[in-house]
Amino acid sequence: MRASRALFQQVITLTGRRTLKLSEFEKLCVNERDVVVQLTNESRKRIEVARELVEHHVKEGNIVYGLTTGFGKLKSVAIETKDLEKLQENLVLSHSCGVGPPMPIEEVRIAQVLRLNGLVQGYSGIRLELVEVMVRLFNKGFVPWVPCKGSVGASGDLAPLSHMAAAYMGHGQAYLLQPDGSHTLMPARDALDAVGEKPVVLQAKEGLAMINGTEIMKSTALVALSRAKNVALAADAVAALSLEALMGTATPFDDRLAVLKQDPGHRATSHNVRTALEDSDVLLSHTGCDRVQDAYSLRCIPIVHGAVKSAIHHVSEVLAREINSVTDNPIIFPDTKEIISAGHFHGMCISMAMDYLALSLCTLANISERRTEQLVNPDLSHLPGFLASKPGLDSGYMIAQVASASLCSENKVLAHPASVDTIPTSANQEDHVSMGPHAARKARDIAENTEHVVAIELLCASQGRSFHSELSGGRGTRLLQNLVRSYIPPLDGDRYTYPDMQLAFQLVRSGAVARSMQNCSFKLWYEFDE
């Protein structure tokens, strides 16, 4: 059994040459456990060369920020050689002051990999021995318990990364992942004992190297992006089903119109919806009707969904760079034997990208909710009021639309940009900060709300479709309708609605809706040379 599992194990190789790809985090983003990391001989050499320079400065007694001095406002205080280990220990323990509920396990595990990827590039000066311990702990299912709040996103994610480092040192708590997919929370020292490791003892520069980075905001950002990609594809599929339920037209999805627009996101959306509706008898019934144009929430799907895809594409480009970036301070250049203080720990790139993603997902939810209104409003849909089988006696999906509207309004509050905010910290030494962790958490929360909104549209579109089920659907919408009906029966009368809404949410969230369109070759981006 153990050997069989290994066949499906994903190995992330840390080369030290900035080669990680976004796709390598897909399993971690959905909390799959069969992922391990490994070093290469090249990355080991990079680590050792950088460490030699640190050891040289310590041996010579040179005054170098982060190696032999205090931190932040206390940067001018020289530290004696005999106190350097205590300096690094104090740094981590004093900075472990996060608050709030714990970060999701999948986000901490992503942060573990990201921090390792920064360290192995050989610009941080950490010992190879310490990096190898971190690799073993990840591979053995050791996951630090990290509070989700307390970082302003400059000087790195100091508080949460300190909790992560403290767990390696035997302080705080940690999870141990179990073979059956569960996890156990225990004191970090007990967790270390359970996997046969000793608490690490940090030496010069190592505490700073462990906590000076943007890995927390990046880990949350990667999860938000993963969910955004999934819900964007699901929204196209659900929109196609809504078009059928409302007996709309596929004319706005003509590829010639997409070529005129010159937007790859628009073209991808048109392709997705058009192929999902291919061979649909429902759309043929629209021929010759007296309706000149569909509502904007239908007719402008390529424009709006396409703009969301363009945002996702941009955010993907930003994060593809950021997952391979060095965010330590000071930065060590072994070739020239320089140690340079800069501001790579500042998370503004991530903060602005997450604000953009949040705004885009708000828009995706807004147009989805408007289609739900089209479906439940008998004055607009020509379907039974609120899609009830006996309107009046039954309320149907009347309040499901209200829930959708509520989530859209909550999204608008959450979409207030975090990146425009800043507050001075550390005695004004850190006088401009990014609020990147806030931006990433908000984007992730908006993604979840949007998944619920699209799931409510899915419920309503499926129910609407049942009122003219004698007409055959398109090649994609048939599969989607069958998927829904395999879990959720038609609404023949009012019933406890919550389980249906949760099932629809899981179909969207799990990727089942997007996967149901595999035969339609759904795209997130459609270049014009394809």
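Quick summary incoming for the structure in this document. Owing to the predicted nature of the structure, the values given are computational and were not obtained by experimental measurement.

What counts and what doesn't
- Residues numbered from 1 in each chain as written.
- Predicted model: local features only at pLDDT ≥ 70, side-chain atom pairs only at ≥ 80, totals over all residues.
- Heavy atoms only, no water.
- Salt bridge = Lys/Arg side-chain N within 4 Å of Asp/Glu carboxyl O.
- Phe/Tyr/Trp six-rings, centres within 6.5 Å; stacked < 30°, edge-to-face > 60°.
- Helix = DSSP H or I, 4+ residues; strand = E, 2+ residues; numbered from the N terminus.
- Buried < 20%, exposed > 50% of the residue type's maximum accessible area, 1.4 Å probe, protein only.
- Lys NZ or Arg CZ within 6 Å of the ring centre and 35° of its normal.
- 1 Å grid on protein atoms, 1.4 Å probe; cavity = no way out; pocket = protein on both sides within 12 Å on 5 of 7 lines; lining within 4 Å.
- Points joined across faces, edges and corners; volume = space filled by probe spheres on them.
- Nonpolar A, V, L, I, M, F, W, Y, C, P; charged D, E, K, R; others polar.

This model, assessed by the stated rule, comprises 29 salt bridges. The closest approach of N and O atoms between glutamate 80 and lysine 82, which form a salt bridge, is 3.9 Å. Connected through shared salt-bridge partners, Arg51, Glu55, Arg127, Glu129 and Glu206 make up one network.

Below, the discussion takes up the packing of aromatic side chains. All told, the structure shown has two aromatic pairs when counted by the stated rule. Summarising the aromatic geometry, the rings of tyrosine 123 and phenylalanine 333 are spaced 5.9 Å apart at their centres and angled 65° between planes, so their arrangement reads as edge-to-face. Of this pair, tyrosine 123 sits in the loop between α5 (105–119) and α6 (128–139) while phenylalanine 333 sits in strand β8 (residues 331–333), placing them 210 residues apart in sequence. For phenylalanine 333, a relative accessible area of 34% corresponds to the partly exposed category. With 6.0 Å between their ring centres and 25° between their planes, phenylalanine 142 and tyrosine 168 make a pair best called stacked. Residue phenylalanine 142 is located in strand β4 (residues 142–144), and its partner tyrosine 168 is located in helix α7 (residues 158–168); the two are separated by 26 residues in the primary sequence. Over the ring of tyrosine 526 we find arginine 267; its NZ or CZ atom is 4.3 Å from the centre of that ring. Between lysine 523 and the ring centre of tyrosine 526, over which it is positioned, the NZ or CZ distance is 4.8 Å.

Let us look at unusual backbone geometry. Cis rather than trans, the peptide bond between asparagine 329 and proline 330 has omega equal to -5°. Secondary-structure assignment places proline 330 in the loop between α15 (301–322) and β8. In this structure, arginine 18 takes a positive phi of about 55° despite not being glycine. Tracing the chain through its elements places arginine 18 in the loop between β1 (10–14) and α2 (26–29). A relative accessible area of 47% means that arginine 18 is categorised as partly exposed. Positive phi values are uncommon outside glycine, yet serine 426 reaches one of about 55°. Within the element layout of this structure, serine 426 appears in the loop between α18 (398–414) and α19 (436–466).

Using the criterion set out here, one finds one cavity of 30 Å³ or more in the structure. Roughly 40 Å³ of internal volume is contained in the largest cavity. Lining the largest cavity are Met103, Glu107, Cys148, Ile216, Met217, Thr220, Pro437 and Arg441. Listed by contribution, the elements that provide at least two residues to the lining of the largest cavity are α10 (215–245) and α19. Counting residues per element, the lining of the largest cavity draws most heavily on α10, which supplies three residues. The residue makeup of the lining of the largest cavity, split by class, is five nonpolar, one polar and two charged.

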